[in-house]
Amino acid sequence: MPVASSSPPILPAVSASSHSRSLRSGTLITGYTEQGHYTEATCTKEQPTKPLLVRGAHASYKYSQCSLALPLRHLSIKSSEMESGNLAENGHCSDAAGEPRSSLILLGTGCSSVVPNAMCLIQPSDPPCNVCFQSLSLPPERNPNYRCNTSLLIDYCQNNGEHKYILIDVGKTFREQVIRWFTFYKIPQVDSIILTHEHADAVLGLDDMRAVQPFSPTNDISPTPVYLSQYAMESIATKFPYLVKKKLKEGQELRRVAQLDWKIIESNHEKPFVASGLQFVPLPVMHGEDYLCLGFLFGEKCKVAYISDISRFPSSTEYVISKNGGGQLDLLILDTLYKKGSHNTHFCFPQTLEAVKRICPKRALLVGMTHEFDHHKDNETLMEWSRREGIPVQLAHDGLRVPIDL
Ligand SMILES: [Zn+2]
Ligand SMILES: [Zn+2]
């Protein structure tokens, strides 16, 4: 079982070539345990940045999310450390005490059909799909290629120290994500929900919201606010009439259902809204030329843009989140579906990387991937791209936690 390590793990000697320079605070490192399990760690703020003792060091790193607190036999720098980068510049902002109090937890990083792709397992190709077949030998928590529907949980620490949990999208795999990551990160509840759009992979878990709400046979609990567009509201009223209509017909039995409080937001970046104390700016984007989907810009201390479903940026939206427009983002979380070519309703790798270059955030994480992406291999390639372009970009993975001050 995965364990969150509260004490720094002991790291083994690593080759000088992999760490010839010092690591900076906030740098993510990834590696494999001697059992071959994937794991990763974040260099903490308390650590001296220069020179950093990696060889045989302990107390140098603290795991942010790891599979096993076992010695690593191989380490690689995950978020490429830019020569001029520092903690804040790499998209990790922290308070004076060191560890940022808020964080982003990537509950899901996969496409609508998720990974592993069932067809790769029940009608395997010859040769079989390596990425999907991994799921038969590796448990999900040790498999960064196991991807649920894309979804983000914002653990927002308010000024009074109280934590609020804001969930963006509640897809088909919501319950599985709760069982895995709410338990791992000790998330006790969902305080508000924001929907990007009304497709199945963003809303079909709404029924399961009752699983994370207090039990009341009479539905007498305070409803969880759900922020969504008028268009999404109308679609959800058709998909889940029992979650929208509150009044029972005569003779109809009372049944326990999720209690939700629907709040319409405008698909307009000039109409921000506040959910659980945090302000969100809607970022309308094309998700197919006939369909408007929302991304969101949030965070005062560190600016984050989350755009999970996009095929094209309207220029006004791109301007708001660009370095040369509304100001440089600390972190951009962006859609990428396939590795090559293009797709009518999503960015694929080439369009995603082009957009990252234009927008020029301090750091970017990619989500929404199909089984075409092999986490470690493609992140190696992305590391080269990142060094060349000066923007650290990595594929995210389910369960990735990004400490950040909002
Ligand atoms: Zn596959
Ligand atoms: Zn969609």
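All of the points below concern the structure found in this document. Everything numeric here is computed off the predicted structure, so don't read it as measured data.

Looking at the overall build of the protein chain
Alright, step 1. The secondary structure content of the protein chain amounts to nine helices and 18 strands.
Alright, step 2. Split into buried and exposed, the 406 residues of the protein chain put 48% on the buried side.
Alright, step 3. Taking as baseline every contact in the protein chain between residues at least 6 positions apart, the subset at least 24 positions apart corresponds to 72%.

Considering the sheet that holds strand 8 (residues 192-194)
Alright, step 1. Judged by pairing direction, the sheet is mixed, and its seven strands sit side by side in the order 10-9-8-7-6-5-18 without closing on themselves. Because the sheet does not close on itself, it has two edges, and the strands there are strand 10 (260-264) and strand 18 (400-403). Mean inter-strand twist for the sheet, computed between neighbouring axes without regard to direction, equals 20 degrees.
Alright, step 2. Of the strand pairs in this sheet, strand 5 (residues 103-108) and strand 6 (residues 151-157) are connected by five bridges, and their pairing is antiparallel. When the bridges of strand 6 are listed, G108 appears paired with S151.

Some thoughts on helix 8 (residues 349-359)
Alright, step 1. Of the residues making up helix 8, those classed as buried are F349, Q351, T352, L353, A355, V356 and I359.
Alright, step 2. Taken together, the buried residues of helix 8 touch helix 7 (315-321), strand 15 (331-335), strand 16 (364-367), helix 9 (375-389) and strand 17 (393-395).
Alright, step 3. Of the residues flanking the end of helix 8, it is C360, one or two places downstream, whose phi is positive at about 55 degrees.

So, the sheet that holds strand 17
Alright, step 1. Strand order across the open sheet formed by seven strands is 11-12-13-14-15-16-17, with mixed pairing between neighbours. With partners counted over all chains shown, the strands left at the sheet margins are strand 11 (273-275) and strand 17, one partner each. Neighbour-to-neighbour, the strand axes of this sheet turn through a mean angle of 30 degrees, independent of strand direction.
Alright, step 2. As defined by bridge partners, strand 12 (residues 278-286) adjoins strand 13 (residues 292-298) across seven bridges and the pair is classed as antiparallel. Residue pairing for strand 13: L283 is matched across the bridge by G295.
Alright, step 3. Those strands touched by helix 8 are strand 15, strand 16 and strand 17, and its axis lies near 155 degrees from that of strand 15.

Side note on the nonpolar core
Alright, step 1. Counting residues in each nonpolar core, the largest one holds 87 residues, and the members touching the most others are L283, F296, A305 and I333.
Alright, step 2. Discounting chain neighbours no more than four positions away, the residues touching L283 are H269, L294, G295, F296, L297, A305, I307, T317, V320 and I321.

Some remarks on helix 9
Alright, step 1. The first and last C-alpha atoms of helix 9 sit 20 Å apart over 15 residues, in line with the 21 Å expected at 1.5 Å per residue.
Alright, step 2. Considered for burial, the residues of helix 9 that qualify are H375, N379, L382 and S386. Angularly, the buried residues of helix 9 cover 60 degrees about the axis, an arc narrow enough to put them on a single face. In helix 9, the exposed positions angled more than 90 degrees off the buried face are occupied by E380, E384 and R388.
Alright, step 3. Buried residues along helix 9 sit against strand 17.
Alright, step 4. The positive-phi residue at the C-terminal boundary of helix 9 is G390, with phi of around 80 degrees.

Thoughts on unusual backbone geometry
Alright, step 1. The amide bond that connects V115 to the next residue, P116, takes the cis arrangement and shows omega of 10 degrees.
Alright, step 2. Summarising the element assignment, P116 is placed in the loop between strand 5 and helix 1 (118-122).
Alright, step 3. A positive phi angle, close to 55 degrees, is found at V114, a residue other than glycine.
Alright, step 4. The backbone of D169 shows a phi angle near 75 degrees, a positive value even though the residue is not glycine.
Alright, step 5. One can find D169 in the loop between strand 7 (163-168) and helix 3 (174-184).

Criteria and cut-off values
- Residues numbered from 1 in each chain as written.
- Chains lettered and ligands numbered in written order.
- Predicted model: local features only at pLDDT ≥ 70, side-chain atom pairs only at ≥ 80, totals over all residues.
- Helix = DSSP H or I, 4+ residues; strand = E, 2+ residues; numbered from the N terminus.
- Buried ≥ 20, exposed ≤ 12 C-beta atoms within 10 Å, placed from the backbone.
- Contact = placed C-beta atoms within 7 Å.
- Pairing = 2+ DSSP bridges.
- Axes fitted to C-alpha atoms, helices over the stretch in contact; angles between N-to-C directions.
- Core = buried A, V, L, I, M, F, W, Y, C linked by C-beta atoms within 7 Å.
- Expected span 1.5 Å × (residues − 1).
- Arc of directions from axis to C-beta.

Geometric descriptors of this kind do not, in isolation, establish any biological role.
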